[in-house]
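Tertiary structure, described
Here's the letter readout for the chains.
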Amino acid sequence: MAAAQPVPMLDLKRQYQPLHEELLAAVGHVLETQQFILGEPVAAFEQAAAQQLGVAHAIGCSSGTDALWLALAGAGIGHGSTVLTTPFSFFASVSSILRAGATAVLADIDPATLNLSAAASEAVLNGPQGKDVRAILPVHLYGQCADWTAFYRIGQERGLKLIEDAAQAWGSEWNGVKAGALGDAAAFSFYPTKNLSAAGDAGMVATNSGEIAERVNMLRQHGMRRRYHHDEIGWNARMDGMQGAVLGVKLRYIEGWNHARHTIARRYHALFHAAGLVEAGPYPVHGVVLPHEVAGSRHVWHQYVIRTARRDALREFLAARKIGSEIYYPVPLHMQEALKCLGYAEGSFPEAERAAREVLALPIFPELREDEQQTVVSAIAEFLS
Ligand SMILES: Cc1ncc(COP(=O)(O)O)c(C=O)c1O
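Note that residues are indexed from 1 along each chain, following the sequence as it is written. Only residues with pLDDT of at least 70 are given local features in this predicted model, and only at 80 or more are side-chain atom pairs given and counted; all residues enter the totals for whole chains, interfaces and linings. Neither water nor hydrogens contribute to the side-chain values; these are computed over all heavy atoms in the structure.

**A word on unusual backbone geometry**
- Residue Pro 282 is bonded to the preceding Gly 281 through a cis peptide linkage, with omega at 10°.
- Among the structural elements, Pro 282 can be located in the loop between β12 (278-279) and β13 (288-289).
- A cis amide bond links Tyr 328 to the next residue, Tyr 329, at an omega of 15°.
- A helix here means a DSSP run of H or I that spans at least four residues, while a strand means a run of E at least two residues long, and both kinds are numbered starting from the N terminus. Positionally, Tyr 329 belongs in the loop between α10 (311-320) and α11 (350-358).

**Some remarks on the pairing of strand β8 (residues 185-189)**
- Think of it in three bands: residues with accessible area under 20% of the maximum for their type are buried, residues over 50% are exposed, and the middle band is partly exposed, with areas taken using a 1.4 Å probe on protein chains only. With respect to burial, β8 is a largely interior element, 5 of its 5 residues being buried.
- Covered by surrounding structure in β8 are Ala 185, Ala 187 and Ser 189 together with Ala 186 and Phe 188, the residues of both alternating faces.
- Between any two strands, at least two bridges found by DSSP are needed for them to pair. As judged from the 3 bridges shared by strand β5 (residues 161-165) and β8, these two strands associate in the parallel manner. Each bridged residue has a counterpart across the sheet, and for Ile 163 the counterpart in β8 is Ala 185.
- Pairing between β8 and strand β9 (residues 203-207): 4 bridges, direction antiparallel. The residue bridging Ser 189 from the neighbouring strand is Gly 203, located in β9.

**Some points on the site of the ligand**
- One heavy atom within 4 Å of a molecule or strand is enough for the residue carrying it to be called near that molecule or strand. Near the ligand you find 16 residues, and of these Gly 64, Thr 65, Asp 165, Ser 189 and Lys 194 are the closest.
- Polar contacts, as counted here, are pairs of nitrogen or oxygen atoms within 3.5 Å of one another; within protein the pair requires one atom able to donate a hydrogen and one able to accept it, and residues that are adjacent in sequence qualify only if both atoms are side-chain atoms. Asp 165 places a polar side-chain atom, nitrogen or oxygen, 2.8 Å from a nitrogen atom of the ligand.
- Ser 189 is positioned with one of its side-chain polar atoms (N or O) 2.7 Å from an oxygen atom of the ligand.
- Against a free-state accessible area of 390 Å², the protein chains account for coverage of 93% of the ligand.
- When residues of the shell around the ligand are traced back to their parent elements, those giving at least two are α3 (64-74) and α4 (92-99).
- It is α3 that provides the largest number of residues to the shell around the ligand, a total of 3 residues.
- Among the residues making up the shell around the ligand, the classes are represented as 7 nonpolar, 7 polar and 2 charged. Residue exposure ignores everything except the shown protein chains as possible cover, and the areas themselves are Shrake-Rupley values with a 1.4 Å probe. Put simply, Ala, Val, Leu, Ile, Met, Phe, Trp, Tyr, Cys and Pro go in the nonpolar bin, Asp, Glu, Lys and Arg in the charged bin, and everything else, Gly too, in the polar bin.

**Quick notes on the sheet that holds strand β3 (residues 103-106)**
- Across the sheet, 7 strands lie side by side as β1-β9-β8-β5-β4-β2-β3; this open sheet has mixed pairing. Either end of the sheet is taken by a strand with one partner, and the two such strands are β1 (57-61) and β3. Each strand axis lies, on average, 25° off the axis of its neighbour in the sheet, ignoring direction.
- The contact criterion used is simple: two residues touch if any of their non-hydrogen atoms lie within 4.5 Å. Helix axes use the C-alpha atoms of the stretch in contact, all axes being lines fitted to C-alpha atoms, and the angles between their N-to-C directions lie in the range 0 to 180 degrees. Relative to the sheet, helix α5 (residues 118-126) contacts β2 (82-85), β3 and β4 (133-137), its axis offset from that of β2 by approximately 155°.

**Some remarks on the nonpolar core**
- Here, the term nonpolar core denotes a set of buried Ala, Val, Leu, Ile, Met, Phe, Trp, Tyr and Cys residues that are joined through side-chain atoms within 4.5 Å. Counting 130 residues, the largest nonpolar core has Phe 88, Trp 170, Phe 190, Met 204, Phe 272, Tyr 304 and Ile 380 as the members making the most contacts within it.
- Beyond its immediate sequence surroundings of up to four residues, Ile 380 is in contact with Phe 272, Leu 277, Val 288, Ile 306, Leu 314, Leu 318 and Leu 362.

**Let's talk about the packing of aromatic side chains**
- Each pair of aromatic rings taken from Phe, Tyr and Trp, with Trp reduced to its six-membered ring, is defined by centres within 6.5 Å and is described as stacked if the planes are under 30 degrees apart, edge-to-face if over 60, and tilted in the remaining cases. Scanning all chains against the criterion turns up 13 aromatic pairs.
- Taking NZ or CZ as reference, Arg 99 lies 4.6 Å from the ring centre of Trp 235, over its face.
- Definition used: whenever NZ (Lys) or CZ (Arg) falls within 6 Å of the ring centre and also within 35 degrees of the ring normal, the charge is taken to sit over that ring. Seen from the ring of Phe 317, Arg 321 lies directly overhead, with NZ or CZ sitting 3.6 Å from the centre.

**Focus on the packing of helix α1 (residues 12-33) against helix α8 (residues 241-250)**
- For the pair α1 and α8, the least separation of the axes is 9 Å and the interaxial angle reads 140°. With respect to their mutual orientation, α1 and α8 come out oblique. In the packing of α1 onto α8, the handedness of the crossing is right-handed. Taken together, the residues of α8 that come into contact with α1 (itself represented by Gln 15, Leu 19, Glu 22, Leu 23, Ala 26, Val 27, Val 30 and Leu 31) are Gly 241, Met 242, Ala 245, Val 246, Val 249 and Lys 250.
- The residue makeup of the contact of α1 with α8, split by class, is 10 nonpolar, 2 polar and 2 charged. Angle categories are assigned with fixed cut-offs, so that under 35 degrees is roughly parallel, over 145 is roughly antiparallel, 65 to 115 is roughly perpendicular, and the rest are oblique. Two helices crossing with the near one rotated counterclockwise from the far one by less than a right angle form a left-handed crossing, whereas a clockwise rotation gives a right-handed crossing.

**Some words on the sheet that holds strand β7 (residues 177-178)**
- Pairing is antiparallel across the open sheet formed by 3 strands, whose spatial order is β7-β6-β14. Single-partner strands in this sheet number two, and they are β7 and β14 (297-298).
- The sheet contact formed by strand β6 (residues 173-174) and β7 spans 2 bridges and is antiparallel. Bridge pairing links Glu 173 to Lys 178 in β7.

**Some thoughts on the pairing of β9**
- Where burial is concerned, most of β9 is hidden: 5 out of the 5 residues are buried.
- Bridge count for β1 against β9 is 5 bridges, and the pairing is antiparallel. If you follow His 57 over to β9, its bridge partner there is Thr 207.

**Focus on the environment of Leu 314**
- Mapped onto the fold, Leu 314 is located in helix α10.
- The residues contacting Leu 314, other than those within four sequence positions of it, are Thr 308, Leu 360, Ile 380 and Phe 383.

**Quick notes on the pattern of salt bridges**
- Basic side-chain nitrogens of Lys or Arg form a salt bridge, by our definition, when they fall within 4 Å of a carboxyl oxygen of Asp or Glu. Taken as a whole, this structure holds 23 salt bridges when the rule is applied.
- A salt bridge links Glu 173 to Lys 178; its shortest N-O distance comes to 3.6 Å. Residues Glu 173 and Lys 178 agree in their burial class; the two are buried.
- The shortest N-O distance in the salt bridge between Arg 307 and Glu 358 comes to 2.9 Å. Placement of Arg 307 in strand β15 (residues 304-307) and of Glu 358 in helix α11 is noted, with a sequence separation of 51 residues between them. In this structure, Arg 307 and Glu 358 share a single accessibility class: buried.
- Members of the salt-bridge network, linked through shared partners, are Asp 11, Arg 14, Arg 369, Asp 371 and Glu 372.

Here is the structure:
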């Protein structure tokens, strides 16, 4: 029986403690050089980031949301275009499409991976909504790539752009290719809870296209190619120097952190099996359905998400024991008040709606201890007994 102890969902102080001297030196350099917006710390981060991902261009920006908008707009998606994406993601996956001036259509998710289903996407593309679709925006949810073999084929067959929402997936891979290097362009978020995180809001676009990179760079600074000459309506979406400096330090550690997340995920699997709680899935009955890992992909375990039938009661039970958990996401995007304009209703995407009722993210971060994981699994076992 594991000791009763609080377990945080995420404790960023544990990451900061061993790095604080390096981080303070990097931030101190920004203060000494007064390079607050873009500048050398951001350029150095962009270069190292591009190298790590194996892409030609990395463009730092102000948030993952802005990175999505920049990736779309940079790839020429705007008024008159339609983009296909998933209803089971963070709001920005859809709002950025609308912000780019395009229309969004949705297709249901694969119940095993909870990523956008390639089969459901093809069904939409073959239907009346399909004819205006110019791009697909799959989300690498929880740190596992969407089925890129299928989406690449669909993109090639139909001449569609592929934009990755890689906000949760720094370091993940599909058949040995890193997220960020798979599509025409990709968006990353460095929001503090992400596996690679800034000390505030920050994001990045990755692309192998020189043309897209040039447009993204222009759009992130008010559409300027020459100072105070505005070629297009861009936005202020620049990365600040502090974030570039912090990310430049953390980039050196992210591989190790992703390995640690992998070890923690393996340990959760083993603990749930040892407790006799595991069900085959994809749908839970009395126990726990573990996250499904696709062969050939590298999951970076940004989140460790189980499915369970009495999810809300379990979450309350854990909260009463001061064990953190989260629901990503409780309301599918087509059922959000702000997205009623898309014209969907409850029942439109049954897999996403069911997942929204059953998913529960458990504590996972590189410094999470084994005894803390035992506490989490013991508490879930107690609840389900
Ligand atoms: C899948 C997904 N897309 C987009 C975003 C937006 O990123 P940000 O919060 O940095 O704007 C996030 C993170 O919040 C996300 O998880």
